[in-house]
Amino acid sequence: WTPDQTFTMKAFKDFWIQGLPRIDGIEWRTIPDESSILAGLRAKTLDWALINDPRVAIRAGAASSTLSISRAPALAYHVLQLNAKRPAFTDVKVRQAISCAIDRQEVLDTASLGEGQVTAPATAPFYSANLNDLTCYKKDEAKAKQLLTDAGKSTGVKFTIIAATGEPPTAVAEAQSIQAQLKKVGIETTIETLELSVYVDRWLKADFDAAVALNGGNPDPDVMFYRYWNSTGNLNNVAAYTSPDIDKLLDQGRAISDPEKRKPIYTDIQKKLADAAPWVWLYVGYEYRVGQPFVKGFTPLPNGSLIYLREAWLDK
């Protein structure tokens, strides 16, 4: 292992599944610039790659390309996090106004070239709430302005959005789209771009007014929600919002195993979250895997797991 450069794995012949893995080894190369990764794939100096930037994935899939692309709808979600403990956001009407002012599809189209779909707080399709049932999921500038007036904040709402450079690759474009949309209802924002390690440190300390983030999803909404939205959750300080009702619902949800009985509980949680608007959930994209056509047998998963590389083989 050479940190930030290469990592070499060799097949374990006594693996518990007979006949796997099907390849003798993998050399992982860390290449921060995804355009360089695409160049390596085209030059055939790379066999297979993880791609995060939808713009690079679209280029990789151009009609003239011989590369093979797999897309899995992601469980990870793009979100604008509002720090409800900051003075600008203590009034729920201000948070709701921000949610009402943002066209989520416009953010998706601008930052990810339409590669994805607008999401509810739960990203697993079975548990995802109907977007039409969620507060302010349809852009309504008039309602946003009225909410600001009702809050006594028709003017003067200003805050800073932090965004990491390059992680995700769409972060700054998302922040710029949000900034332009909020300006139309009289909300002024400043975008502060940060190197990733600085961003993560600030994010974990909840040292921000607002943050554009890409947070990990999960098929189980308990795993997605409890850590952020239960008052005892390990990331509740980052969520910066608590609700006794949501605490109670989260405890109910994790005590039930039947998915059909759990579903209405998590639908209720999503409605309460959308109404309180501590965050503005935006969209989910895709997990992209790009490779030479001779790399066969890999199955992409929405959680980004690479476990099925154990079944990959080389047809050459």
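Located above this text is the structure these notes cover.
Quick caveat: nothing in here was measured; it's all calculated off a predicted structure.

Chemist: Looking at this structure, I do not really get helix H11 (residues 259-276). What am I missing?
Modeler: Residue pairs spaced three or four apart in an α-helix point in one direction, given the helix's 3.6 residues per turn. Spanning 18 residues, H11 covers 25 Å between terminal C-alpha atoms, matching the ideal 26 Å at 1.5 Å per step. Among the residues of H11, Arg262, Ile265, Tyr266, Ile269, Gln270, Leu273, Ala274 and Ala276 are the ones counted as buried. Contact partners of the buried residues in H11: helix H3 (92-101), helix H8 (221-229), helix H10 (244-254) and strand E9 (279-291). Where H11 ends, the next residue or the one after it, alanine 277, has phi of about 50°, a positive value.

Chemist: Even after reading the chapter, I still don't get the packing of aromatic side chains, so can you show me in this structure?
Modeler: Aromatic ring pairs are described here by two measures, namely the spacing of the ring centres and the angle between the planes. For the coordinates displayed, the defined rule picks out 14 aromatic pairs. Ring geometry for tyrosine 127 and tyrosine 266: centres 5.9 Å apart, planes at 80°, overall edge-to-face. Placement of the pair is tyrosine 127 in the loop between strand E5 (117-118) and helix H5 (141-150) and tyrosine 266 in helix H11, with a sequence separation of 139 residues. Tyrosine 266 matches tyrosine 127 in its accessibility class, with the two residues each being buried. Judged by centre distance (6.3 Å) and plane angle (40°), the ring pair of phenylalanine 225 and tyrosine 266 falls under tilted. Of the two residues, phenylalanine 225 is situated in helix H8 and tyrosine 266 in helix H11; the sequence distance between them amounts to 41 residues. For phenylalanine 225, a relative accessible area of 2% gives the class buried. The class of tyrosine 266 is buried, set by a relative accessible area of 0%.

Chemist: Would you mind showing me how to read the pattern of salt bridges here?
Modeler: When the charged atoms of two side chains with opposite charge come close together, those side chains can pair. Counted by the stated rule, this structure contains 13 salt bridges. Across the pair glutamate 27 and arginine 29 runs a salt bridge, and its minimum N-O distance is 2.7 Å. In this structure, the salt-bridge partner of aspartate 53 is arginine 55, at a minimum N-O distance of 2.9 Å. Salt bridges sharing partners connect three or more residues here, namely Arg86, Glu192, Arg202, Asp207 and Asp209.

Chemist: Would you explain the nonpolar core in this entry?
Modeler: A general feature of soluble globular proteins is that nonpolar side chains tend to end up buried together. Grouped together as the largest cluster of nonpolar side chains are 39 residues, with contacts concentrated most on Trp203, Trp229 and Ile269. Per element, the largest residue contribution to this core is six residues, and it comes from H11. In this view, tryptophan 229 contacts Asn236, Ala239, Tyr241, Ile246, Asp247, Leu250, Leu273, Pro278, Trp279 and Trp281; residues no more than four positions away in its chain are not counted. By size, the runner-up hydrophobic cluster in this structure holds 32 residues, among which are Ile98, Ala101, Ala151 and Ala171.

Chemist: Would you mind showing me how to read the packing of H8 against H11 here?
Modeler: A pair of packed helices is captured by two measures, namely the crossing angle of their axes and the spacing between those axes. Contact geometry for H8 and H11: axes closest at 12 Å, N-to-C directions at 40°. Viewed along their axes, H8 and H11 adopt a mutual orientation that is oblique. Where H8 crosses over H11, the two elements pack in a sense that is left-handed. Contact residues: H8 offers Pro221, Asp222, Phe225 and Trp229, while H11 offers Arg262, Tyr266, Ile269, Gln270 and Leu273. Counted by class, the contact of H8 with H11 contains six nonpolar, one polar and two charged residues.

Chemist: Explain helix H6 (residues 171-183) to me, please; I cannot follow it from the model alone.
Modeler: For H6, spanning 13 residues, the distance from its first C-alpha to its last is 18 Å, which sits close to the expected 18 Å at 1.5 Å a residue. Where H6 is concerned, the buried positions are Ala171, Glu174, Ala175, Ser177, Ile178, Gln181 and Leu182. Down the axis of H6, the sector holding all buried residues measures 160°, keeping them to one side.

Cut-offs and rules
- Residues numbered from 1 in each chain as written.
- Predicted model: local features only at pLDDT ≥ 70, side-chain atom pairs only at ≥ 80, totals over all residues.
- Heavy atoms only, no water.
- Helix = DSSP H or I, 4+ residues; strand = E, 2+ residues; numbered from the N terminus.
- Expected span 1.5 Å × (residues − 1).
- Buried < 20%, exposed > 50% of the residue type's maximum accessible area, 1.4 Å probe, protein only.
- Contact = heavy atoms within 4.5 Å.
- Phe/Tyr/Trp six-rings, centres within 6.5 Å; stacked < 30°, edge-to-face > 60°.
- Salt bridge = Lys/Arg side-chain N within 4 Å of Asp/Glu carboxyl O.
- Core = buried A, V, L, I, M, F, W, Y, C linked by side-chain atoms within 4.5 Å.
- Axes fitted to C-alpha atoms, helices over the stretch in contact; angles between N-to-C directions.
- Parallel < 35°, antiparallel > 145°, perpendicular 65-115°, else oblique.
- Left-handed = near helix turned anticlockwise from the far one by under 90°.
- Nonpolar A, V, L, I, M, F, W, Y, C, P; charged D, E, K, R; others polar.
- Arc of directions from axis to C-beta.

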